[in-house]
Amino acid sequence: MTVRSYGFGAIALEAAVQVPATFEYRRASSVEDALALLERFGEEARVIAGGHSLLPMMKLRLARPEFLVDINDLHELDYLRLEGGELLIGALTRHRTLLESELVGRLFPIFHDAERVIADPPVRNRGTIGGSLCQADPAEDLSAVCTAVRAVAVILGPGGRRSVPMQEFYRGPYETAVGAGELLVEIRVPVRPNAGSAYRKVERKTGDWAVAAAGGALSLADDGRIGWAGIGLAAVSTSLAGYRRVEEALVGREPTDELFTEAGRIAAEDCDPLSDLRGTEEYKRHLAGELTHRALTLAAERARAAGGTGGKDA
Ligand SMILES: Cc1cc2nc3c(=O)[nH]c(=O)nc-3n(C[C@H](O)[C@H](O)[C@H](O)COP(=O)(O)OP(=O)(O)OC[C@H]3O[C@@H](n4cnc5c(N)ncnc54)[C@H](O)[C@@H]3O)c2cc1C
């Protein structure tokens, strides 16, 4: 697909057809059942979770699956728990569950920052983290969040179970590492001590997709310097993995305003936005820098507030 804009809302304005092509529908009763259905129907089958991205894509005929495998009864994929130093998030966890979770807010406030500005309550009640990541829209907020915190996606399929880091999971606009016959089942986020994280987004109106957004996560070493940093931006590039230079500029340095200004400058240089109805390339590049600066500033404040216990006593 040629990408001229990010966030299917923008694409919708250019499309005429608003009715899906015909398809068959199956409701899976277990993970094993879902995998068997996906294998049986092959390349033409698609999973449906919240349906908030897939159904609009089908109405616009940008997606034409012949078989839909509904995973909404797979409650075993709807969980949040802390295990072995990682936050484990089931793929069917709804936006609303993430937003309301005390555990998530305490360990990774970046998720709460993002969830507050994703769409509206009806979408958040139904949409899932698995669907968000598998949709792989370059404007998807949770893809940027999961990149910043170095999440790992767990994929299950006929070949067994495999773990894929977020930068490799996201292959480009609307393409992920999940192959035909496979299911994203879990997202694992490493919990780091003395860590803070934050997400900042500019949208045209409440509930809209980002004009630009930035997520920053960092941890502080005992001497107060930055020991580790992760960056993820939304709506300003077709790649999630392009911010290594920003991360390298941060590690080993004092978390000062000058440093975060410098980090923003590099992020603005390294992103690759498109001019579209949400804004010009120049404006989005400016936002990328400013939002990176703001996200890192808040992430550092939160890491200091964690005061040596962030993550350790969770
Ligand atoms: C009006 C509106 C505004 C929105 N605004 C925003 C916004 O501001 N920011 C934002 O980030 N998002 C936004 N969204 C998208 C929203 O977050 C969706 O919930 C999300 O993109 C998809 O989640 P879903 O569960 O609905 O996925 P679905 O639509 O069910 O599926 C999306 C894709 O993922 C695949 N899939 C789903 N689950 C799995 C799985 N477990 N394994 C393998 N493949 C799977 C499907 O086959 C499909 O290709 C908006 C949506 C709407 C309708």
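All of these numbers come straight from a predicted model, not from anything done at the bench.

## Structural notes on the pattern of salt bridges
Part 1 of the reasoning: Following the criterion strictly, the structure yields 26 salt bridges and no others.
Part 2 of the reasoning: Between D141 and K201 there is a salt bridge, with its nearest N and O atoms 2.8 Å apart. One end of the pair, D141, is in helix α9 (residues 141-148); the other, K201, is in strand β11 (residues 195-203), and 60 residues separate them in sequence.
Part 3 of the reasoning: Between E247 and R244 there is a salt bridge, and its shortest N-O distance comes to 3.2 Å. Of the two residues, E247 and R244 both sit in helix α11 (residues 244-250), three residues apart, roughly one turn of that helix.

## A look at the site of the ligand
Part 1 of the reasoning: Taken together, 32 residues are adjacent to the ligand, and V47, S53, L54, T128 and D141 come closest.
Part 2 of the reasoning: A distance of 2.8 Å separates an oxygen atom of the ligand from a polar atom in the backbone of G50.
Part 3 of the reasoning: Between T128 and the ligand, the recorded distance is 2.6 Å, taken from a side-chain N or O atom to an oxygen atom.
Part 4 of the reasoning: Its free accessible area being 970 Å², the ligand has 92% of it covered by the protein chains.
Part 5 of the reasoning: Of all the elements in the fold, those that place two or more residues in the shell around the ligand are β2 (45-48), α8 (129-135) and β10 (183-190).

## Some remarks on unusual backbone geometry
Part 1 of the reasoning: Phi is positive for R150, close to 60 degrees, though the residue is something other than glycine.
Part 2 of the reasoning: For R150, the location among the structural elements is in the loop between α9 and β6 (152-157).
Part 3 of the reasoning: A positive phi angle, close to 70 degrees, is found at A235, a residue other than glycine.
Part 4 of the reasoning: When you line up the elements, A235 lands in the loop between β13 (226-234) and α11.

## Some words on the sheet that holds strand β3 (residues 67-70)
Part 1 of the reasoning: Taking strand neighbours across the sheet as the criterion, the three strands line up as β1-β3-β2 in an open arrangement whose pairing is parallel. The open sheet has two edge strands with one neighbour each: β1 (24-27) and β2. Averaged over all neighbouring strand pairs, the angle between strand axes comes to 25 degrees, with direction disregarded.
Part 2 of the reasoning: With four bridges joining them, β1 and β3 adopt parallel strand pairing. By the bridge assignment, R27 is partnered in β3 with D70.

## Observations regarding α9
Part 1 of the reasoning: α9 sits mainly inside the fold: eight of its eight residues count as buried.
Part 2 of the reasoning: Among the residues of α9, those classed as buried are D141, L142, S143, A144, V145, C146, T147 and A148.
Part 3 of the reasoning: At the C-terminal side of α9, R150 shows a positive phi close to 60 degrees.

## Let's talk about the confidence of the model for the protein chain
Part 1 of the reasoning: With 92% of its residues at a pLDDT of 70 or more, the protein chain has an overall mean of 93.
Part 2 of the reasoning: Counted against residues more than four places away or in other chains, residues 308-314, with its pLDDT under 50, gives 13 contacts.

## As for the domain arrangement of the protein chain
Part 1 of the reasoning: We note that the domain assignment places domain 1 (83-190) and domain 2 (195-306) within the protein chain.
Part 2 of the reasoning: Taken together, the contact between domain 1 and domain 2 spans 24 residues of the former and 31 residues of the latter.
Part 3 of the reasoning: Of the roughly 2,000 Å² buried where domain 1 meets domain 2, counting both sides, 60% is carbon and sulfur surface.
Part 4 of the reasoning: If you look at where domain 1 meets domain 2, you find four salt bridges.
Part 5 of the reasoning: Applying the counting criterion to the domain 1 and domain 2 interface returns eight residue pairs in polar contact (both at pLDDT 80 or more).
Part 6 of the reasoning: Among the elements of the structure, α6 (109-116), α9 and β8 (170-172) are those that each provide at least two residues to the side of domain 1 that touches domain 2.
Part 7 of the reasoning: If one sorts the elements of the side of domain 1 that touches domain 2 by residue count, α9 sits on top with six residues.
Part 8 of the reasoning: Looking at the side of domain 1 that touches domain 2 residue by residue, the classes come out as 15 nonpolar, four polar and five charged.

## What about the nonpolar core?
Part 1 of the reasoning: Residues F108, F111, I129, L133, F169, I187 and V189 are the most contacted members of the largest nonpolar core, which totals 40 residues.
Part 2 of the reasoning: Considering each element in turn, this core owes the most residues, five residues, to α9.
Part 3 of the reasoning: Looking at which domains feed residues into this core, each of domain 1 (83-190) and domain 2 (195-306) gives three or more.
Part 4 of the reasoning: Residue contacts for V189: discarding those within four places in its chain leaves G85, E86, L87, I89, F108, F111, V149 and A151.

Parameters at a glance
- Residues numbered from 1 in each chain as written.
- Predicted model: local features only at pLDDT ≥ 70, side-chain atom pairs only at ≥ 80, totals over all residues.
- Heavy atoms only, no water.
- Salt bridge = Lys/Arg side-chain N within 4 Å of Asp/Glu carboxyl O.
- Helix = DSSP H or I, 4+ residues; strand = E, 2+ residues; numbered from the N terminus.
- Near = heavy atom within 4 Å.
- Polar contact = N/O pair within 3.5 Å; in protein donor to acceptor, adjacent residues only side chain to side chain.
- Areas by Shrake-Rupley, 256 points an atom, 1.4 Å probe, with all protein chains shown as cover.
- Pairing = 2+ DSSP bridges.
- Axes fitted to C-alpha atoms, helices over the stretch in contact; angles between N-to-C directions.
- Buried < 20%, exposed > 50% of the residue type's maximum accessible area, 1.4 Å probe, protein only.
- pLDDT = per-residue confidence, 0-100.
- Contact = heavy atoms within 4.5 Å.
- Domains from an automatic or database assignment.
- Buried area = accessible area lost by both parts, 1.4 Å probe.
- Nonpolar A, V, L, I, M, F, W, Y, C, P; charged D, E, K, R; others polar.
- Core = buried A, V, L, I, M, F, W, Y, C linked by side-chain atoms within 4.5 Å.

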